[in-house]
Structure formats: structure tokens, C-alpha cells
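Spelled out from the first residue to the last, the chains are:
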Amino acid sequence: MVKTLPQDDAVDDTMAMILRSKTPAERLEIAFGMWRYARDTILRIVQAEHPEWAPVEVQRETARRLLQETE
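Residues numbered from 1 in each chain as written. Predicted model: local features only at pLDDT ≥ 70, side-chain atom pairs only at ≥ 80, totals over all residues. Heavy atoms only, no water.

(A) Just the packing of aromatic side chains, in detail. All chains considered together, the criterion is met by one aromatic pair. Relative to W35, the ring of F32 lies with its centre 5.9 Å away and its plane at 15°, an arrangement referred to as stacked. Taken together, the residues F32 and W35, both in helix α2 (residues 24-49) and three residues apart, mark about one turn of the helix. (Phe/Tyr/Trp six-rings, centres within 6.5 Å; stacked < 30°, edge-to-face > 60°. Helix = DSSP H or I, 4+ residues; strand = E, 2+ residues; numbered from the N terminus.)

Here's what the structure looks like:
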């Protein structure tokens, strides 16, 4: 028998049931909230890593990381 690890991006049955009960607008609002949280978290990390950077540089690096672009 082969054991597999759970997928990080997999939704468990309970969460799938909850999401199915939401309207499309509610699901979109949840997704946008998660994206906003990720953006704000990355922005704070970049600011802490590079306190000397101007805000536009911090925003550019935040966008790069969100898009998962390599240098």
C-alpha cells in the first residue's frame, strides 16, 4: 500500500461543504480577503527586510513575490 501525503491546496470535505453553501459573491469575497491578507503580509515582510527602500520599491517587490516571478 502506497501512502500519500495530503495536498496543501486540497480542500477537505467539511470545507468543501461550507464553500458550496456560499453564494458566488461570498466565495469571491473570501478569496479576495485571502489575497489581501497575503499581499499585506508580504508587504510587511519586504518592509522589514528592506527598511531603506522607498514605498514604490516595496510595492514592486511585493507584486513580484505575489506573481512568483524570479529575479
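Here the narrative resumes.
(B) Broad picture of a nonpolar patch on the surface. A contiguous nonpolar surface patch, about 250 Å² in accessible area, is contributed by V11, M15 and I18. As for its position among the elements, V11 is in the segment before α1 (13-20). For V11, a relative accessible area of 48% gives the class partly exposed. (Patch = residues over 30% accessible without salt bridge, like charges linked within 9 Å, V, L, I, M, F, W, Y side chains within 5 Å. Areas by Shrake-Rupley, 256 points an atom, 1.4 Å probe, with all protein chains shown as cover. Salt bridge = Lys/Arg side-chain N within 4 Å of Asp/Glu carboxyl O. Buried < 20%, exposed > 50% of the residue type's maximum accessible area, 1.4 Å probe, protein only.)

(C) Molecular detail of the side chain of T62. With respect to the helices and strands, the residue T62 is situated in helix α3 (residues 55-66). In this structure, T62 is in contact with R39, I42, L43 and V46, ignoring residues within four places of it in sequence. (Contact = heavy atoms within 4.5 Å.)

(D) Region of the structure containing the pattern of salt bridges. Across all of its chains, the model carries four salt bridges by this definition. For E49, the salt bridge identified is with R65, shortest N-O distance 2.7 Å. Linking E49 in helix α2 with R65 in helix α3, this pair joins segments that are 16 residues apart in sequence. Look at R65 and you get partly exposed, because its relative accessible area is 27%. Its salt-bridge partner being E61, residue R64 comes within 2.7 Å of it at the nearest N-O pair. Placement of the pair is R64 and E61 together in helix α3, with a separation of three residues, close to one helical turn. Through salt bridges that share partners, E49, E61, R64 and R65 make up one connected network.

Geometric descriptors of this kind do not, in isolation, establish any biological role.
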